[in-house]
Amino acid sequence: MAEEIRKIGVIGAGAMGCGVAHVCAVAGYDVHLIDLSREQLECGLATINGNLARQVSSGKLSDDARKQALGRISASTDLQDLAPVDMAVEAISEDEDEKRALYAKICPILKPEALLATNTSTLSITRLAASTDRPERFMGVHFMNPVPVMELVELVRGIATEEVTFETAKTFVRSLDKTPTVSEDFPAFIVNRVLLPMINEAIYVLYEGVGSVDSIDTAMKLGARHPMGPLELADFIGLDVCLSGIQMLHDGLGHDKYRPCPLLVKYVDAGWLGRKAGRGFYDYRGEEPVPTR
């Protein structure tokens, strides 16, 4: 039987954390958004405000609902503000050591009965849970990017996750008007286990000269009905994030089919990380993106 959740803590005011805070506030939850950087918090709140405004413009949200959602979000750099939350969602960088260090700080602050969720897209839930004081009340709640738009959330139980924790997380996800899907605790879960090798293979196709950036993306958009080509999608995700994920698959599953393409490694080494860096498989510095190969 699911437990009642009213207050949500979100740690990390990057794209994922702000997206989670956004959808929770729209769904009626009180949200405490935490980040150690005041500048990142201000940037994150501006992003949330802009995304809510776009939903109003598109008719998906009333202006009154927008104002109410913003009123439910409080922002802070103080981890102590997590003390009253019923559920904390960790959405910091995909670094296991950083996540473990954060849990060591927040577990003594959280109520003993509070649930702790991680938005990790690749890391072992069982291993992360073991570094907390509440492995039974810990699980993976993996939102897709961009959170306000994407309908799916992957739920991943660790070996110690209790049934009530899973049921509460599932009810919570449905309350956000999202669809939960359940994955076993294997590297990259379901979505990234399928998506990242596809992106890596598209990069191999480019690397081997089978097709150009434009021809690969056009082929997959028109030939496979993908809304975005795999190289365009890689740029959107971030090539460093793609490389980290495919390396984790390679390390965790030990199969050569997950070996990162050397061209992906080269782009990351060059700092061509995609949209966020201005260049990746496309150059975004002009009025229109231009393929770089």
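Okay, so let's go over this structure. Since this is a predicted model, take the numbers as computed values, not measurements.

Our next topic: the sheet that holds strand 1 (residues 7-11). Think of a sheet as strands paired side by side through backbone hydrogen bonds, with each pair either parallel or antiparallel. Taken together, eight strands build an open sheet; the order of strands is 3-2-1-4-5-6-7-8 and the sheet is mixed. Single-partner strands in this sheet number two, and they are strand 3 (73-76) and strand 8 (179-183). Within the sheet, the average angular offset between the axes of one strand and its neighbour, ignoring direction, is 25°. Where strand 7 (residues 152-157) meets strand 8, five bridges bridge the pair, whose relative direction is parallel. The residue bridging Val 156 from the neighbouring strand is Ser 183, located in strand 8. Helix 2 (residues 38-57) contacts strand 2 (30-34) and strand 3 of the sheet and is inclined by roughly 160° relative to strand 3. Most of the contacts of helix 4 (residues 96-106) go to strand 5 (residues 115-118), to which it runs at about 165°, and overall it touches strand 1, strand 4 (87-90), strand 5 and strand 6 (138-143).

This brings us to the side chain of Gln 55. Tracing the backbone through its elements, the reader meets Gln 55 in helix 2. When neighbours within four sequence positions are excluded, Gln 55 is seen to be in contact with His 22, Lys 60, Leu 61 and Pro 148.

Rules and cut-offs
Residues numbered from 1 in each chain as written. Predicted model: local features only at pLDDT ≥ 70, side-chain atom pairs only at ≥ 80, totals over all residues. Heavy atoms only, no water. Pairing = 2+ DSSP bridges. Helix = DSSP H or I, 4+ residues; strand = E, 2+ residues; numbered from the N terminus. Axes fitted to C-alpha atoms, helices over the stretch in contact; angles between N-to-C directions. Contact = heavy atoms within 4.5 Å.

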